[in-house]
Amino acid sequence: MVLAVAHTLLAILYVDLFKRITKTNLLTKWHFFATAIAGLLPDSDIIIRFIIKNILKMPLPNLLDHRGIFHTPFFALIFFIPGIILFFTKKRNIAIYLLIATFGIMLHISLDYITSGGIHDGIMWLYPISTHAYQGIIGFVYDVDLLTISLDAFLLITWFFYILKTKRLKEFF
Ligand SMILES: [Zn+2]
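1. A short note on the overall build of the protein chain
The number of helices and strands found in the protein chain is 6 helices and 0 strands. C-alpha atoms of the protein chain, sized along the principal axes, occupy 50 × 45 × 35 Å. Buried positions account for 27% of the 173 residues belonging to the protein chain. Taking as baseline every contact in the protein chain between residues at least 6 positions apart, the subset at least 24 positions apart corresponds to 61%.

In structure tokens:
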């Protein structure tokens, strides 16, 4: 299970690389902010689970539980299809946000696929054709949580060092 900071920073890193390689001027700072949120979108199932189970006190359908339907390419398609259609219209800016959401979701579930976990203990790559959950690449690892917490800490410190070193925090000091 990869945690929030890793999901967010890796999504931003890839979009930044994309911007540098393609030299596109389509991406603004707000697209980067959207990327940060997009990288976390699938884990909104954790909030949904909390609301349904603990606040509404209702039974939670398996598909809505952690690593259910929100962790499938099908969820990404909901953003991708209108994104591709709108990209070729005058609403290109909305399309970019939708495509960023698609990218964030796909990157998130690919990272989560590294380890098993969640109610489905894997990722339903072929949903809705099949509800088979494919196990993570490295499967169950004892204490993987501690490892991913360490990874998050390492990435956060590295990122902070980077923005300090590149003087991107100069407005604060
Ligand atoms: Zn996740």
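Back to the write-up after that little detour.
2. With respect to the nonpolar core
Counting residues in hydrophobic clusters, the biggest one holds 23 residues, and the most contacted among them are A38, I100, A101 and I105. When residues of this core are traced back to their parent elements, those giving at least two are α1 (4–22), α2 (29–38), α4 (73–87) and α5 (92–112). Apart from residues lying up to four places away in sequence, I105 is in contact with A38, L41, P42, F75 and A76.

3. Some thoughts on α4
In this model α4 runs 20 Å from its N-terminal to its C-terminal C-alpha over 15 residues, within 8% of the 21 Å that 1.5 Å per residue would give. The largest bend in α4 amounts to roughly 30° and is located at F79, with the proline P82 lying one to four residues further along. All of the buried residues along α4 are F75, A76, F79 and G83. In this fold, the buried residues of α4 make contact with α5.

4. Considering the environment of T72
Mapped onto the secondary structure, T72 falls in the loop between α3 (44–55) and α4. For the pair T72 and M124, spaced 52 residues apart in sequence, the C-alpha separation works out to 5.8 Å. Excluding residues that lie within four positions of it along the chain, T72 makes contacts with M124 and Y127.

5. Concerning α2
An α-helical segment advances 3.6 residues per turn. Residues three or four places apart therefore align on the same side. If you check which residues of α2 are buried, you get A34, T35 and A38. End-on view of α2: buried residues confined to an arc of 105°, all on one side of the axis. Exposed positions of α2 whose direction lies more than 90 degrees from the buried face are K29, W30 and F33. Where α2 is buried, its residues contact α1 and α5.

6. Concerning the confidence of the model for the protein chain
For the protein chain, per-residue confidence averages 89 on the pLDDT scale, and 92% of positions sit at 70 or higher. Confidence, expressed as mean pLDDT per element, reaches its minimum in the protein chain at helix α6 (residues 144–165) with 85 and its maximum at α4 with 97.

7. Description of the packing of α1 against α5
Viewed as axis vectors pointing N to C, α1 and α5 meet at an angle of 125°, and their least axial separation amounts to 10 Å. Taken together, the axes of α1 and α5 lie oblique to each other. Here the hand of the crossing between α1 and α5 comes out right-handed. Counting all contacts with α1, which are made through A6, H7, L10, A11 and Y14, the residues of α5 involved are G104, L107, H108 and L111.

Cut-off values and rules
Residues numbered from 1 in each chain as written. Predicted model: local features only at pLDDT ≥ 70, side-chain atom pairs only at ≥ 80, totals over all residues. Helix = DSSP H or I, 4+ residues; strand = E, 2+ residues; numbered from the N terminus. Buried ≥ 20, exposed ≤ 12 C-beta atoms within 10 Å, placed from the backbone. Contact = placed C-beta atoms within 7 Å. Core = buried A, V, L, I, M, F, W, Y, C linked by C-beta atoms within 7 Å. Expected span 1.5 Å × (residues − 1). Bend = angle between axes of the 7 residues up to and from the residue. Arc of directions from axis to C-beta. pLDDT = per-residue confidence, 0-100. Axes fitted to C-alpha atoms, helices over the stretch in contact; angles between N-to-C directions. Parallel < 35°, antiparallel > 145°, perpendicular 65-115°, else oblique. Left-handed = near helix turned anticlockwise from the far one by under 90°.

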